[in-house]
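Given next are the chains, with one letter for each unit.
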Amino acid sequence: MKHYETLSIPEATCLQRQLRERLDIEERELSVRLIGGADISLNLYSSTIYAGIILLSFPQLQPVGWSLVQAETRFPYVPGYLAFREVPALVDAWRQLAVKPDVLVIDGHGIAHPRRLGIAAHFGVETGQPSIGCAKKLLTGQYHEPGLLVGDHTPIMAGTEQIGHAFRSKSKVAPVFVSPGNLVGLNNSLEIIQQCKGRYRIPEPTRLAHELVNRFRRGEVAAGTQ
DNA sequence: GCGACAG
DNA sequence: ATCTTGTCGC
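Keep in mind that what you see is a predicted model, and the values were worked out from it rather than measured. (Residues numbered from 1 in each chain as written. Chains lettered and ligands numbered in written order. Predicted model: local features only at pLDDT ≥ 70, side-chain atom pairs only at ≥ 80, totals over all residues. Heavy atoms only, no water.)

Draft legend 1. View of the environment of tyrosine 4. One can find tyrosine 4 in the segment before helix 1 (9-20). Under the relative-accessibility criterion, tyrosine 4 is labelled buried at 1%. Between the alpha carbons of tyrosine 4 and leucine 104 there is a distance of 22 Å; along the sequence they are 100 residues apart. What tyrosine 4 contacts, discounting residues up to four positions off in sequence, is Leu15, Phe75, Ala83, Phe84, Val87, Pro88, His122 and Glu126. (Helix = DSSP H or I, 4+ residues; strand = E, 2+ residues; numbered from the N terminus. Buried < 20%, exposed > 50% of the residue type's maximum accessible area, 1.4 Å probe, protein only. Contact = heavy atoms within 4.5 Å.)

What follows is the structure, given as structure tokens:
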């Protein structure tokens with residue numbers, strides 16, 4: 001992985017198709033004791049990004065550590081190519097972790113992507129790490145609105161292929177979109193996110209990661225690990 | 001050609 | 001993604 005900053009969109013598309021071949025989203029038995037949440041924060045019009053990964057005990061969901069990294073991005077935000085902008089910094093934060101989580105939840109989509117390689121799938125293939133994508137908005141595919149109660153869910157379809165789940169993480173509030181990154185199946189990812197429920201719409205891993213990187217950007221927390 | 005479009 | 005107070009509804 002490299003030169004992301006200098007890739008053209010056609011070249012990036014080619015790399016996505018290549019990485020997609022290495023995806024493994026078979027269902028499997030997962031024993032999660034440590035779960036991670038990853039997110040990015042930035043100032044509008046700035047090329048500086050603040051990346052972070054927070055570690056939580058599972059299923060208790062208590063913060064036990066984190067990794068924060070500041071970096072520069074050249075790649076612009078283009079729907080469908082978010083990974084080329086954020087993955088490099090996230091990988092830096094990832095490598096800085098002394099202990100790796102059993103699964104990492106990333107803010108964005110997994111396979112619920114035009115070429116089945118959203119940021120969570122991209123990160124998962126590049127690192128060989130089990131990952132899940134959890135987004136606040138749909139990028140591609142169709143779904144029927146799930147029931148209004150917590151836990152209700154419906155499949156996200158791309159033609160006849162299921163690429164994720166629309167999941168009601170909080171009653172009467174907009175659903176979140178969950179899809180496999182790498183090394184987890186459609187049901188595996190939904191089951192894990194169902195156990196990450198706190199009192200907010202956004203599942204704890206991603207919500208706490210978002211809170212962490214924002215404090216980092218404002219200078220309230222220093223770069224590094226803990 | 002038209003509309004949609006993660007963060 | 002980020003800038004922001006109050007306010008409506010359960």
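Draft legend 2. Structural detail: empty space enclosed by the protein. In total, this model carries one cavity of 30 Å³ or more according to the counting rule given. As a volume, the largest cavity reaches approximately 30 Å³. Classifying every residue of the lining of the largest cavity gives four nonpolar, one polar and two charged. (1 Å grid on protein atoms, 1.4 Å probe; cavity = no way out; pocket = protein on both sides within 12 Å on 5 of 7 lines; lining within 4 Å. Points joined across faces, edges and corners; volume = space filled by probe spheres on them. Nonpolar A, V, L, I, M, F, W, Y, C, P; charged D, E, K, R; others polar.)

Draft legend 3. Region of interest: the protein's contact with DNA strand B. Taken together, 17 residues sit near DNA strand B, with Tyr77, Gly80, His109, Ile119 and Lys136 positioned nearest. Taking the atoms of DNA strand B that fall within 4 Å of the protein, sugar and phosphate contribute 43% of them. Interatomic distance of 3.2 Å between a backbone N/O atom of leucine 82 and a base nitrogen of DNA strand B. Here the surface near DNA strand B is composed, by residue class, of eight nonpolar, five polar and four charged. (Near = heavy atom within 4 Å. Polar contact = N/O pair within 3.5 Å; in protein donor to acceptor, adjacent residues only side chain to side chain.)

Draft legend 4. Region of the structure containing the sheet that holds strand 4 (residues 103-107). With mixed pairing, nine strands are arranged side by side in an open sheet as 6-7-8-5-4-1-2-3-9. The sheet terminates laterally at strand 6 (153-158) and strand 9 (224-225), the two strands that pair on one side only. Bridging between strand 2 (residues 48-57) and strand 3 (residues 63-72) involves nine bridges; their strand directions are antiparallel. Across the sheet, isoleucine 54 pairs through a bridge with tryptophan 66, a residue of strand 3. Relative to the sheet, helix 4 (residues 186-194) contacts strand 1 (34-42), strand 4, strand 5 (131-135), strand 6, strand 7 (161-167) and strand 8 (176-182), its axis offset from that of strand 7 by approximately 10°. (Pairing = 2+ DSSP bridges. Axes fitted to C-alpha atoms, helices over the stretch in contact; angles between N-to-C directions.)

Draft legend 5. Quick look at the UniProt feature "binding site: Mg(2+)" (unreviewed entry) in chain A. UniProt's feature table lists "binding site: Mg(2+)" (unreviewed entry) at Asp39 and Asp107, given in the numbering used throughout. A maximum C-alpha distance of 5.6 Å among these annotated residues, which run over 69 residues, shows that they cluster at one spot. When the annotated set is filtered for residues lining the largest cavity, what remains is Asp107. With respect to the helices and strands, aspartate 39 occurs in strand 1. The exposure class of aspartate 39 is buried, given its relative accessible area of 6%. When neighbours within four sequence positions are excluded, aspartate 39 is seen to be in contact with Tyr50, Ala51, Gly52, Leu90, Asp107, Ala209, His210 and Val213. In this fold, aspartate 107 is placed in strand 4. Relative accessible area serves as the criterion here: at 13%, aspartate 107 is assigned to the buried category. When neighbours within four sequence positions are excluded, aspartate 107 is seen to be in contact with Ala38, Asp39, Ile119, Cys134, Lys136 and Thr206. (UniProt positions renumbered as here; feature names shortened; annotations may be inferred.)

Draft legend 6. Examining helix 4 more closely. Considered for burial, the residues of helix 4 that qualify are Leu186, Asn188, Ser189, Leu190, Ile192 and Ile193. Buried-residue contacts for helix 4 involve strand 1, strand 4, strand 5, strand 6, strand 7 and strand 8.

Draft legend 7. Spatial organisation of the UniProt feature "site: Interaction with target DNA" (unreviewed entry) in chain A. Listed under "site: Interaction with target DNA" (unreviewed entry) in the UniProt record, and renumbered for this structure, are Tyr77. Apart from residues lying up to four places away in sequence, tyrosine 77 is in contact with Leu82 and Arg85.

Draft legend 8. Geometry of the environment of histidine 3. By the element assignment, histidine 3 lies in the segment before helix 1. Residue classification places histidine 3 among the exposed residues on the basis of a relative accessible area of 54%. Spatially, the C-alpha atoms of histidine 3 and phenylalanine 84 are 9.4 Å apart, while their sequence positions differ by 81 residues.

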